[in-house]
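A closer look at the structure
The primary structure of each chain is shown beneath.
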Amino acid sequence: MTFTADDRVAVTELISMHGHLCDSGELDRLDEVFTPDVVYDVSDFGQEPLLGVAACAAAGRALGELNPVGHHVTNVVLTEIAHDRVHARSKGIGVNADGTTGSVTYEDAVLRAPRGWRISHRKVRAHRTPLGGRG
C-alpha cells in the first residue's frame, strides 16, 4: 500500500488534533492521537519520558493551570518510512495564560493502526536560542 495524499491529510490532521484535545481538556481522547504504548519524550524539559497514553493524560492533568492555553502546530513535514510508517516533523507554539510563548519541534513516529494513523513516539525539542543554537 502506498502513502497517499489522503494519508498525508490524515496524518497532518492527527498532529493538529493533539492541540485541540489538550486545549479543550479532552485528555481522555488522547487515544485518538497516540498508540496505547506511546513514548512521549519530554527529556529536553528535564523530565522522564511519559510511557503510555494514560501517562500523557495524567501529566496534563497534573500540570493543571500551568498548561498552555493554546497549542499551535505548523510547518508539518512528512517522510514516508514504509507503507505503514511515517516520520513527521512539525513546529509547535505554546501560548501561556500570561501571554508568554514557547517554541518546540515535534519529532514523531507515526504508524498506521487498525483505528487509523497514530503517533507511537514523540520527541519534544525545546527552542531556547536562535538558529538552533548554532548562531
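Note that this is a predicted model, so its numbers are computed, not measured.

**A few points about the UniProt feature "domain: SnoaL-like" (unreviewed entry) in the chain**
UniProt tags residues 5–123 as "domain: SnoaL-like" (unreviewed entry). With 25% helix and 46% strand, residues 5–123 has its two end C-alpha atoms placed 25 Å apart.

**Side note on the nonpolar core**
Among the nonpolar cores identified, the biggest contains 25 residues, and L30, F34, Y40 and V110 are the most heavily contacted of them. Among the secondary structure elements, those contributing two or more residues to this core are helix 1 (5–23), strand 1 (34–41), helix 2 (53–63), strand 4 (85–95), strand 5 (101–113) and strand 6 (116–127). The greatest single-element share of this core, amounting to four residues, is contributed by helix 1. Those residues in contact with V110 that lie beyond four places of it in its chain are V11, L14, D84, R85, V86, A88, W117, R118 and I119.

**Quick notes on the pairing of strand 5**
Where strand 4 lies against strand 5, 11 bridges are found, and the strand directions are antiparallel. Residue pairing across strands places K91 opposite T105, the latter belonging to strand 5. The hairpin formed by strand 4 and strand 5 contains five residues between the paired strands, and G99 there has a positive phi angle of roughly 90°. Pairing of strand 5 with strand 6 involves 11 bridges; the strand directions are antiparallel. The residue of strand 6 that forms the bridge with A109 is H121.

**Some words on the layout of surface pockets**
By volume, the largest pocket amounts to about 890 Å³. If you trace the largest pocket, you find 32 residues lining it, with F45, L63, N67, P68 and H71 closest to the centre. Secondary-structure elements contributing two or more residues to the lining of the largest pocket are helix 1, helix 2, strand 3 (70–82), strand 4, strand 5 and strand 6. Sorting elements by how many residues they give to the lining of the largest pocket places strand 5 first, with five residues. For the lining of the largest pocket, the residue count by class is 17 nonpolar, 14 polar and one charged. Here the second largest pocket defines a volume of roughly 200 Å³. Residue lining of the second largest pocket: R89, T105, R125, A126, H127, R128, T129, G132, G133 and R134, and that is the complete set. Broken down by element, the lining of the second largest pocket gets its largest block of residues, three residues, from strand 6. Classifying every residue of the lining of the second largest pocket by side-chain character gives one nonpolar, five polar and four charged.

**Describing the pattern of salt bridges**
For the coordinates displayed, the defined rule picks out eight salt bridges. The residue R29 makes a salt bridge to E32 at a minimum N-O spacing of 2.8 Å. Beyond isolated ion pairs, a larger network of salt bridges with shared partners links E26, R29 and E32.

**Regarding the sheet that holds strand 1**
Judged by pairing direction, the sheet is mixed, and its six strands sit side by side in the order 2-1-6-5-4-3 without closing on themselves. Across the chains shown, the open sheet's two edge strands, defined by having one partner strand only, are strand 2 (50–51) and strand 3. Of the strand pairs in this sheet, strand 1 and strand 2 are connected by two bridges, and their pairing is antiparallel. Counterpart to Y40 in the pairing with strand 2 is L50. This element, helix 1, spans strand 1, strand 3, strand 4, strand 5 and strand 6 of the sheet and lies at about 150° to strand 3. Relative to the sheet, helix 2 contacts strand 1 and strand 2, its axis offset from that of strand 1 by approximately 55°.

Thresholds applied
Residues numbered from 1 in each chain as written. Predicted model: local features only at pLDDT ≥ 70, side-chain atom pairs only at ≥ 80, totals over all residues. Heavy atoms only, no water. UniProt positions renumbered as here; feature names shortened; annotations may be inferred. Helix = DSSP H or I, 4+ residues; strand = E, 2+ residues; numbered from the N terminus. Core = buried A, V, L, I, M, F, W, Y, C linked by side-chain atoms within 4.5 Å. Buried < 20%, exposed > 50% of the residue type's maximum accessible area, 1.4 Å probe, protein only. Contact = heavy atoms within 4.5 Å. Pairing = 2+ DSSP bridges. 1 Å grid on protein atoms, 1.4 Å probe; cavity = no way out; pocket = protein on both sides within 12 Å on 5 of 7 lines; lining within 4 Å. Points joined across faces, edges and corners; volume = space filled by probe spheres on them. Nonpolar A, V, L, I, M, F, W, Y, C, P; charged D, E, K, R; others polar. Salt bridge = Lys/Arg side-chain N within 4 Å of Asp/Glu carboxyl O. Axes fitted to C-alpha atoms, helices over the stretch in contact; angles between N-to-C directions.

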